[in-house]
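Letter by letter, the chains look like this.
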Amino acid sequence: MKIKRIAKPKVIIPTASMADIAFLLIIFFMLTTVFRKERGQKLILPSAKSTERILKRKHLSYIWLTKDGKIFVMDQRVSPQRISYDFRLRVLEDPNLIVMLMFDKDVKYAYVDSILEALREARALRITFSTEFKGGG
Amino acid sequence: MAFNFRRKKIEEPEIPTASMADIAFLLIIFFMLTTIFSRAKGLKMVLPEKTTEIVKIKSENMMRISINPEGKIFIDDAITETPVSEIKNIVKERIKENPKLVVLIKTNVEAPYKKMIEVYDEVLQAGADKVALQSIKGGY
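Given the structure is predicted, the values throughout are model-derived calculations rather than measurements.

Asker: Give me the lowdown on the sheet that holds strand β4 (residues 102-108) of chain B, citing residues and values where you can.
Answerer: Across a sheet, paired strands are connected by hydrogen bonds in the backbone, their directions being either parallel or antiparallel. Pairing in this open sheet of four strands is mixed, and the strands run β3-β2-β4-β5 (chain B) from one edge to the other. Each edge of the sheet is formed by a strand with only one pairing partner; in this case those strands are β3 (73-75) and β5 (131-136) of chain B. Neighbour-to-neighbour, the strand axes of this sheet turn through a mean angle of 20°, independent of strand direction. When strand β2 (residues 62-67) of chain B meets β3(B), the two strands line up antiparallel, connected through three bridges. Bridge pairing in β3(B) links B:S66 to B:F74. Here helix α3 (residues 109-121) of chain A sits on the sheet in contact with β4 and β5 of chain B, set at roughly 120° to β5(B). Against the sheet, helix α3 (residues 113-125) of chain B makes contact with β2, β3, β4 and β5 of chain B, and its axis sits at roughly 170° relative to β4(B), the strand it touches most.

Structure, rendered in structure tokens:
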């Protein structure tokens with residue numbers, strides 16, 4: 001007896017549009033990418049309900065303050081006096097400078113106060129306390 | 001003499017697209033690994049300029065919120081602590097009574113930063129636009 005083999009249907013995955021999908025994703029990532037300039041520090045930001053997004057990203061300049069009171073600017077440890085000097089120059093370069101304060105939520109207010117005073121001295125008056133969004137209400 | 005009129009077969013031009021997806025995915029992986037999504041968000045503030053002249057504010061236009069070293073909050077000269085959640089409504093009421101109100105947040109240098117943010121957040125939610133920060137050094 002002759003047994004007829006059932007012809008298996010060929011399985012094809014259409015790959016013609018794969019490149020289109022991939023390029024679409026590329027464009028998305030290209031537009032949303034900001035190359036990081038600094039590595040930053042490990043810290044936990046406080047959270048607040050009235051957190052706003054800052055859209056003028058190119059005017060931003062960051063100051064990091066860790067839980068133990070160490071201050072970092074561009075991954076370099078600095079003193080408040082150094083901030084005063086450094087940001088005076090930055091404000092001259094960009095009068096619309098916004099200083100982003102990345103402070104750990106458990107840091108003592110004394111350190112925060114010393115940085116705020118240094119920024120006032122440097123006339124870098126536009127600041128943002130970096131916070132996380134807080135849900136509810 | 002025989003003429004050869006046979007046409008030469010023209011090769012069809014082809015662009016190989018098989019590896020296109022691979023190239024594209026390679027680029028995707030590169031961008032995915034280098035991307036950081038913008039974390040620029042927070043509470044805005046404009047600091048006062050450093051001047052020699054003293055700006056005087058009438059005490060009736062001033063509301064003082066003090067934070068002690070333990071993070072407890074006191075409004076004006078009150079002896080009893082005010083819970084953070086009530087600040088918003090109190091400030092709202094005060095602004096309604098007096099639109100010129102300036103809210104002064106006095107934080108002890110020993111208090112944690114998050115307490116000051118909590119208070120500032122509540123004050124912003126209440127719609128105050130004149131907010132000042134001050135630090136208290138030493139004891140209460």
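Asker: Provide a residue-level description of unusual backbone geometry, including the pertinent values.
Answerer: Notably, A:D75 is not glycine yet its phi reads approximately 65°, a positive angle. Along the polypeptide, A:D75 turns up in the loop between β4 (71-73) and β5 (76-78). Phi angles above zero are rare outside glycine, and B:D76 is one such case at about 50°. The residue B:D76 is located in the loop between β3 and α2 (84-97) in this model. B:D76 gets classed as partly exposed once you look at its relative accessible area, which sits at 21%.

Calculation notes
- Residues numbered from 1 in each chain as written.
- Chains lettered and ligands numbered in written order.
- Predicted model: local features only at pLDDT ≥ 70, side-chain atom pairs only at ≥ 80, totals over all residues.
- Heavy atoms only, no water.
- Pairing = 2+ DSSP bridges.
- Helix = DSSP H or I, 4+ residues; strand = E, 2+ residues; numbered from the N terminus.
- Axes fitted to C-alpha atoms, helices over the stretch in contact; angles between N-to-C directions.
- Contact = heavy atoms within 4.5 Å.
- Buried < 20%, exposed > 50% of the residue type's maximum accessible area, 1.4 Å probe, protein only.

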